Structures are given as C-alpha cells and as structure tokens.
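Notes for the structure review
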Amino acid sequence: RYAMPRPAHRRVLTVANQKGGVGKTTSTVNLAAALALHGVRVLVVDLDPQGNASTALGVDHRAGTPSVYEALLGEISLLEAAVPSTASPDLLCVPATIDLAGAEIELVSMVAREQRLKQALSPDVLDQLDVDYVLIDCPPSLGLLTVNALVAAAEVLIPIQCEYYALEGLGQLLSNIDLVRSHLNTSLHVSTILLTMYDGRTKLADQVTSEVRQHFGGVVLRTVIPRSVKVSEAPGYSQTVLAYDPGSRGSMSYVDAAREIAARGAAMGADSAAGVET
Ligand code: ADP
Ligand code: MG
C-alpha cells in the first residue's frame, strides 16, 4: 500500500452538483476513506439534511446529535460536532441531522448568511482537528447550504453521472460558481470532475465520457467510477465500499481517483491550483 502524498497546504473541496443521485455522497465518503486509509487525515462535512454521508461513515445523526446545523448557527464549535468515523480513525465526520432541513430558510435572515460554514471551518478549528483535507457533501440544490459550501472551499469537485442529460443543468452550477467567485470567494475554482456510474456495456456511457472530457479537458480525472452493486450496497451496512469489499472494482476505482486527486494536490503549489475557466 502506497501512502498518498500529503498536500503542501490543506485542501478544502466542495462536492457539488444540484442534480440528485449523481454520486455526490458516494464519492465524498469513498474518496475520503481512500485518502484516510492511505495516510492523510480527512474531515467530511455532511451538509445534506438527509445525512447520507453520516450514515455511510457510521456516524450517529439522530435529531439532537451535535451537528453541522448548530455549528452553522454558531451555537457550538465545529470541534464539538466532529467525530471519528467507523471507516478510519483518520477520517472524521461532522454529521447532518434532520434539523438542517430548516437551515436553508433560517439562514436567510442571518448576518453573514453565506459565510457561516467558512467561519465554522476556521483555520484554528482545522488545525486542532489536524486534517489535510476537508470534503463537503452538498445537498441536491443550489440554495444557501450549497452557497455556504462554495464560500468555504477553494476547490469544487463535480461528480457527473455517465447518463443521458449528464450535462443538463451543469451550466447553472457553473454560473453559480462564477457568481460566488466574483462576489464572495475569489479563490474558488472547479479543480476536479469525476465521472461516476460508468456502465461499459452501453455506448451512451462512452459518449458522455468523451463529451465531458472534450468540454472540461484535464480537470476530468482519468479514473472513472464504474457502476457496481457493491458501491450501492455498502451504505446499507454503514460502510464505505473500501471496507465493505476492498477488492471490488468500485473500491479500487475510488482509491485510484483519490490517488489522482492527491497527486494533483502535491503537484500544485501554494495558490496556483489549476482549474477550468467556467
Ligand atoms: P447524490 O449524493 O448525488 O444524491 P448518491 O451518492 O447518493 O448521489 O448516489 C445515488 C444512488 O446511486 C445511491 O443509491 C448510490 O448507492 C448509488 N450509486 C452511487 N454510485 C454508484 C456506483 N458507482 N455504482 C452503483 N450505484 C451507485
Ligand atoms: Mg447525497
């Protein structure tokens, strides 16, 4: 087992796509596990009221559990909500409870409503958690929660499902990213695109793959995540696919994808991360 290179600087990636079911949560937890099992420390922030990332990481997210919701409201420090996952002691998770469903509305009237997550993820907090990576799992919308995630990160990772209409709606996400960059977070850029649920038996999957590569070039990871039953079964056991079936194609592809992400991070200097012009 080769260790992942540690990034020169801490990397905060927001995993976003306003379409549901494209593999945001699956990619967040499995990439995070792959990184953590290979020698770097990772924090996953579950920003979806469904709490699917918390479930997959074996982290309690019943109502009343200290969660990202209280941290967004400033009632607690994120430190109080971050707990070790069952996936690895080097993989921490800030869970989401159902309370977060109300946050989209409650945040509207708050001061600095777009900056709440950024404030919670202060350098001091991240130093104390001693993490190299932060991965933020977004809900399937472009509301205030996703805006908070885009303000808190330098990088956006967009999972794209190898399916019909894969690129539909992506323009809206990219223009939102542009808006956030212009007004709230100048360092924001799309650093990574990950093709998910690839089914090699269909011609369509290849068409989507080449279309996405043509459009986004080198930002698209070479590794493609195959459609695999093991990947979809794992969360039912509160596990990542890396724990559920380490030798499966799904598991190995997430390790490969994580390795690519880590290699890019090691290659990029302080603030010179390459990204696409959106
Ligand atoms: P999102 O977070 O974007 O809504 P999910 O990660 O929850 O998407 O994935 C949607 C569904 O597809 C889930 O049931 C998940 O288990 C399944 N899924 C995700 N990736 C794969 C894959 N590579 N192979 C098979 N099923 C997958
Ligand atoms: Mg999800």
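Because the structure is a prediction, the values reported are computed rather than measured.

Our next topic: the sheet that holds strand β3 (residues 83–84). Overall, mixed pairing links the 7 strands, which are arranged β3-β4-β2-β5-β1-β6-β7 in an open sheet. Edge strands, defined here as strands with exactly one partner in the open sheet, are β3 and β7 (189–196). Sheet topology note: the strand β6 (residues 155–161)/β7 ladder contains 7 bridges and is parallel. Bridging from a neighbouring strand, Gln161 pairs with Thr196 of β7. Most of the contacts of helix α8 (residues 144–152) go to strand β1 (residues 11–15), to which it runs at about 155 degrees, and overall it touches β1, β5 (133–137) and β6. Across the face of the sheet, helix α13 (residues 249–267) comes into contact with β1, β5, β6 and β7 while running at roughly 165 degrees to β7.

Phi angles above zero are rare outside glycine, and Met197 is one such case at about 55 degrees. Note that Met197 resides in the loop between β7 and α10 (203–216). Here Ser238, not a glycine, exhibits a phi torsion of approximately 50 degrees, which is positive. Mapped onto the elements of the fold, Ser238 is located in the loop between α11 (229–233) and α12 (241–244).

The subject of this paragraph is the layout of surface pockets. Empty space within the second largest pocket amounts to approximately 440 Å³. If you trace the second largest pocket, you find 29 residues lining it, with Gly23, Thr25, Thr26, Met197 and Val231 closest to the centre. Every element with two or more residues in the lining of the second largest pocket is listed here: α1 (24–36), α2 (52–56) and α11. With 5 residues, the top contributor of residues to the lining of the second largest pocket is α1. For the lining of the second largest pocket, a count of residues per class yields 14 nonpolar, 12 polar and 3 charged.

This part covers the pattern of salt bridges. Under the definition given, this model contains 9 salt bridges. In this structure, the salt-bridge partner of Arg10 is Asp127, at a minimum N-O distance of 2.9 Å. Note that Arg10 is positioned in the segment before β1 and Asp127 in helix α7 (residues 123–129), a separation of 117 residues in sequence. Its salt-bridge partner being Arg62, residue Asp60 comes within 2.9 Å of it at the nearest N-O pair. When its relative accessible area of 36% is taken as the criterion, Asp60 is described as partly exposed.

Throughout the structure, instances matching the rule amount to 1 cavity of 30 Å³ or more. By volume, the largest cavity amounts to about 30 Å³. Forming the walls of the largest cavity are Leu13, Leu31, Leu35, Tyr133, Leu135, Leu157 and Ile261. Secondary-structure elements contributing two or more residues to the lining of the largest cavity are α1 and β5. When the residues that make up the lining of the largest cavity are grouped by side-chain class, the tally is 7 nonpolar, no polar and no charged.

Scoring rules and cut-offs
Residues numbered from 1 in each chain as written. Chains lettered and ligands numbered in written order. Predicted model: local features only at pLDDT ≥ 70, side-chain atom pairs only at ≥ 80, totals over all residues. Heavy atoms only, no water. Pairing = 2+ DSSP bridges. Helix = DSSP H or I, 4+ residues; strand = E, 2+ residues; numbered from the N terminus. Contact = heavy atoms within 4.5 Å. Axes fitted to C-alpha atoms, helices over the stretch in contact; angles between N-to-C directions. 1 Å grid on protein atoms, 1.4 Å probe; cavity = no way out; pocket = protein on both sides within 12 Å on 5 of 7 lines; lining within 4 Å. Points joined across faces, edges and corners; volume = space filled by probe spheres on them. Nonpolar A, V, L, I, M, F, W, Y, C, P; charged D, E, K, R; others polar. Salt bridge = Lys/Arg side-chain N within 4 Å of Asp/Glu carboxyl O. Buried < 20%, exposed > 50% of the residue type's maximum accessible area, 1.4 Å probe, protein only.

By themselves these figures say nothing about function.
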